[in-house]
2 protein chains.
Amino acid sequence: MRISELAERTDVPVHTLKFYLREGVLPPGRATSRTSADYGDEHVERVRLVRALVEHGGVGISGVRAIVGALESPPPSRHDLLGAAAAVIPTPAPRGPVDPEITGLLEELGWCTWSGAPALTALGDAVAAARAAGVPLDAATLRRYAAGMTEVAEADVDLALAAQDPAEAMRTVVVGTVLGDPVLVALRRLAQEAVSSRRQAAADAREDT
Amino acid sequence: MRISELAERTDVPVHTLKFYLREGVLPPGRATSRTSADYGDEHVERVRLVRALVEHGGVGISGVRAIVGALESPPPSRHDLLGAAAAVIPTPAPRGPVDPEITGLLEELGWCTWSGAPALTALGDAVAAARAAGVPLDAATLRRYAAGMTEVAEADVDLALAAQDPAEAMRTVVVGTVLGDPVLVALRRLAQEAVSSRRQAAADAREDT
């Protein structure tokens, strides 16, 4: 198909597709003349992936380039998949050394984490920011959050292991992590509502007896 | 203190503080002359809250205004706290009707959710975006995600119930939800790494025997 049809099928304007081509996140089509090229279904799929990462994952163009690069050259075995994935999954830039409380929490949980892991400094920063804003985020609550996220991570790893080949596993880990975050954020809000009304109903029942 | 000292103590430039005053997210100081005003510790605290919401919560200025307004006039009892909080916690704009699969999942979980809840449409959109990008997010995985987020929500509700008064409870729910998201996102990445190395170690042990 021509670029105009690719634009129509993906609902992304031609000038944005040309931007993706220039930035290297969309591979070039097969040249059919000096000024036009032919695009296939793999281009439609790629444009949808890029849009999803940008719109729903909040990933910048350089992050998209890193993710797309990783998807194109996955590690041959699954062993190093999460390491390779962690290197490209965007996390906020670290702002300082990791709080000993955080490293202590991870030790207590038995989570072996590379001390330079971006998620480790991101965790320290996020906890500090919440506390600075007056949220009483104590160690007990962090342990409960960690337990909940362990359940989520077990599902994530099972999903990656069920993949047919390393390329699909890599896509599941990287794209599933970035685009899974908004799913979890929405579920948290719905779960808060559910837990709160369940507790309220229990309290009302006690009052009635 | 003068506005220059407020800027120094919060590490936020004077022109940004003036923007916050104009936008109504920072209450005015006590006027000491026609051109200057006196600010107190409550202003330092408010500026830190606004910065945290903007920088770590990714909330826009109108979202900050809604949150700050809710914190200033919390509901008198805790009963309606989560409803009031849900109304101001920013969620992505809904893009369409909710997928029956999603409403079916919530029914199965026994989560009573108001069908117009923004988090409900946000969940449907996020699941659709992940699937469109090739993530094999099946119903079983969504149920496991929901279980993990229920643990998180139980901790959230306990934290809100432990608050001294409705004002503090409101702050805990609203600010704790927005600024807790990056904490959970970071924990998820660390948990993936931990679960993956635990599974790998178990697989290696089986091979050795």
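Residues numbered from 1 in each chain as written. Chains lettered and ligands numbered in written order. Predicted model: local features only at pLDDT ≥ 70, side-chain atom pairs only at ≥ 80, totals over all residues. Heavy atoms only, no water.

A.B. asks: Please clarify how the interface of chain A and chain B should be interpreted in this entry.
C.D. replies: The parts lose accessible area when they come together, and the size of an interface is often stated as this lost area. Contacts between the two partners involve 78 residues from chain A, matched on the other side by 78 residues from chain B. Both sides of the chain A and chain B interface together cover about 7200 Å² of buried area, and 66% of this is carbon and sulfur. Connecting chain A to chain B are 14 salt bridges. Between Asp158 of chain B and Arg199 of chain A there is a salt bridge, and its shortest N-O distance comes to 2.9 Å. Connecting chain A to chain B are 25 residue pairs in polar contact (both at pLDDT 80 or more). Within the residue set of the side of chain A that touches chain B, elements represented by two or more residues are helix 3 (41-55), helix 7 (118-132), helix 8 (139-161) and helix 9 (166-208) of chain A. Of all the elements, helix 9 of chain A adds the most residues to the side of chain A that touches chain B, at 26 residues. Residues that form the side of chain A that touches chain B fall into these classes: 46 nonpolar, 15 polar and 17 charged. (Contact = heavy atoms within 4.5 Å. Buried area = accessible area lost by both parts, 1.4 Å probe. Salt bridge = Lys/Arg side-chain N within 4 Å of Asp/Glu carboxyl O. Polar contact = N/O pair within 3.5 Å; in protein donor to acceptor, adjacent residues only side chain to side chain. Helix = DSSP H or I, 4+ residues; strand = E, 2+ residues; numbered from the N terminus. Nonpolar A, V, L, I, M, F, W, Y, C, P; charged D, E, K, R; others polar.)

A.B. asks: Where do I start with the relation of the copies chain A and chain B in this structure?
C.D. replies: Superposition of the two copies of the chain requires a rotation about an axis together with a shift along that axis. When chain A is fitted to chain B, the best match, at an RMSD of 0.1 Å, comes from turning it 180° and sliding it 0.0 Å along the axis. In symmetry terms, the pair is related by a two-fold rotation axis. Nearest to the rotation axis, the C-alpha of Gly148 of chain A is located 2.1 Å from it, this being the minimum over chain A. Same-surface contact between copies: 100% of interface residues of chain A are shared with the interface of chain B. (Least-squares fit on C-alpha atoms with pLDDT ≥ 70 in both.)

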